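Architecture at a glance
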Amino acid sequence: GRCENGILADCLWDDADWDGGFYVPSSQGDQCVISPTAMESMLKLHSSLVDLTVDYACRSKFGLGPTCQLPTKEPETIELDSSIMFMLEGVANVTGLDELDILTLLAKIDSTTAENGESLDIIVETRFPDEDGHVQTEKEDDESAVDYIYIGLSNTYIATQLPTPFFCWIRIIVWDLAGICWNLFTSFLSLLSHFLWSVASANPLPTLAFGVISYIGIWIHKRRTKIGDLRRETASIQNLAYDKLVLDCDEGEGYAALHLRDEIAHELYPQPCAARMHLITNIWPRVVVAVRADNRITKRRKSMRGKNLEWWEWVAGASKNTRSRRHEKEE
């Protein structure tokens, strides 16, 4: 430093390019100390590394679940000698500091803390990528290879001082339990598949017969289920058709079967859709068969506007009164 009247006037140390000077005189003017701006930057760097390390440590094995929600994309992370290290370029983006400023901070403050007998919590490692992109500890013969600088917190700090939030432990436990359950499930499926394969390979003919019988059984079950659904839908549409025929039998002359079908289809499904086509193509033909077998309805052919249409008319008086009363109750 430079003294005036027995007091430090300013500090000159390796003429480091730092805004306001990296070192400034102390309040007593008897020594050079780290400037407030440099110390603020160092604290910011340390805090960011703590957040990144907590984020990395609190992730699940699937790489999910950041905890600190840093404002920028996290830097590339590797584990070197059991230490969690981050690429310098990514840390610079997170902190907003220049890479050279970070290295200057670490070099200057490291030398100061070493003189005071203290240990720096931040460590720096240089690694070199090989042809496959894997990180190596020694540089290859290719002189054009670019070295990667990683920084991170020391193992001692991570083991003894790293602040781990309570929800981080909860997250780790939950993901570990989920991982255990998934591993058990996949192990069970693997054992089951191996067992089934061993049984099938040892007994090919019985296995083939069992497979064919199972397929036929499944097909029959699906077929019965489909037929049952069709019968229920047919009965529902048939009742709707009967209700319209009953309501029309006093004043009207009945319905043309096709007109009755279209009226019901448009009432149930105003917009064209697959359900309307299903009613017309699959349900209504079954309703026609049921109506033709019902003697309470007269069936005849009637010409209308040049078309010969099948005509239905309700004629059973007793059934008419019963259905009319039921219709009134439903309304």
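A quick note: this is a predicted structure, and the numbers were derived from the prediction, not measured.

1. A closer look at the sheet that holds strand β12 (residues 307-314)
Here three strands make up an open sheet; going across it, the order is β10-β12-β11 and the pairing antiparallel. The outermost strands of the open sheet, each flanked by one partner alone, are β10 (255-256) and β11 (297-304). For β10 and β12, the ladder comprises two bridges, and the chain directions are antiparallel. Counterpart to Ala256 in the pairing with β12 is Trp311. Strand contacts of helix α6 (residues 204-248): β10, β11 and β12, with the helix running at about 80° to β12, the strand carrying the most contacts.

2. What to know about the pattern of salt bridges
A full pass over the atoms with the stated rule returns seven salt bridges. Taking the shortest distance from any N to any O, the salt bridge between Glu310 and Arg292 comes out at 2.8 Å. Of the two residues, Glu310 is situated in strand β12 and Arg292 in helix α8 (residues 274-292); the sequence distance between them amounts to 18 residues. Look at Glu310 and you get buried, because its relative accessible area is 14%. Two residues, Asp294 and Arg296, come together in a salt bridge whose shortest N-O distance is 2.8 Å. Asp294 sits in the buried class, given a relative accessible area of 11%. Residue Arg296 is classed as partly exposed on the basis of its relative accessible area of 28%.

3. Some thoughts on the nonpolar core
Among the nonpolar cores identified, the biggest contains 27 residues, and Leu45, Leu49, Val91, Ile102, Ile122 and Ile151 are the most heavily contacted of them. Elements represented by at least two residues in this core include exactly α1 (36-58), β6 (83-87), α2 (88-95), α3 (99-115) and β9 (148-153). The greatest single-element share of this core, amounting to eight residues, is contributed by α1. Among the nonpolar cores identified, the runner-up in size contains 21 residues, and Leu230, Ile237, Ala265 and Val291 belong to it.

4. Things to note about the side chain of Ser154
Along the chain, Ser154 falls in the loop between β9 and α4 (155-160). Residue class for Ser154 comes out buried when judged on its relative accessible area of 12%. In contact with Ser154, other than residues within four places in its own chain, are Asp121 and Ile123.

5. A few points about the pairing of β6
Across the five residues of β6, five count as buried, placing the element largely inside the fold. Inspection of the sheet shows β6 paired to β9 by two bridges, in the antiparallel sense. From the neighbouring strand, Met87 faces β9, where its bridge partner is Tyr150.

6. Here's the deal with a nonpolar patch on the surface
Where nonpolar side chains cluster on the molecular surface, the patch consists of Trp182, Phe185, Phe188, Leu189, Leu192, Phe195, Leu196 and Val199 and spans about 790 Å² of accessible area. For Val199, the location among the structural elements is in helix α5 (residues 166-202). Assessed through its relative accessible area of 34%, Val199 is described here as partly exposed.

The rules behind these values
Residues numbered from 1 in each chain as written. Predicted model: local features only at pLDDT ≥ 70, side-chain atom pairs only at ≥ 80, totals over all residues. Heavy atoms only, no water. Pairing = 2+ DSSP bridges. Helix = DSSP H or I, 4+ residues; strand = E, 2+ residues; numbered from the N terminus. Contact = heavy atoms within 4.5 Å. Axes fitted to C-alpha atoms, helices over the stretch in contact; angles between N-to-C directions. Salt bridge = Lys/Arg side-chain N within 4 Å of Asp/Glu carboxyl O. Buried < 20%, exposed > 50% of the residue type's maximum accessible area, 1.4 Å probe, protein only. Core = buried A, V, L, I, M, F, W, Y, C linked by side-chain atoms within 4.5 Å. Patch = residues over 30% accessible without salt bridge, like charges linked within 9 Å, V, L, I, M, F, W, Y side chains within 5 Å. Areas by Shrake-Rupley, 256 points an atom, 1.4 Å probe, with all protein chains shown as cover.

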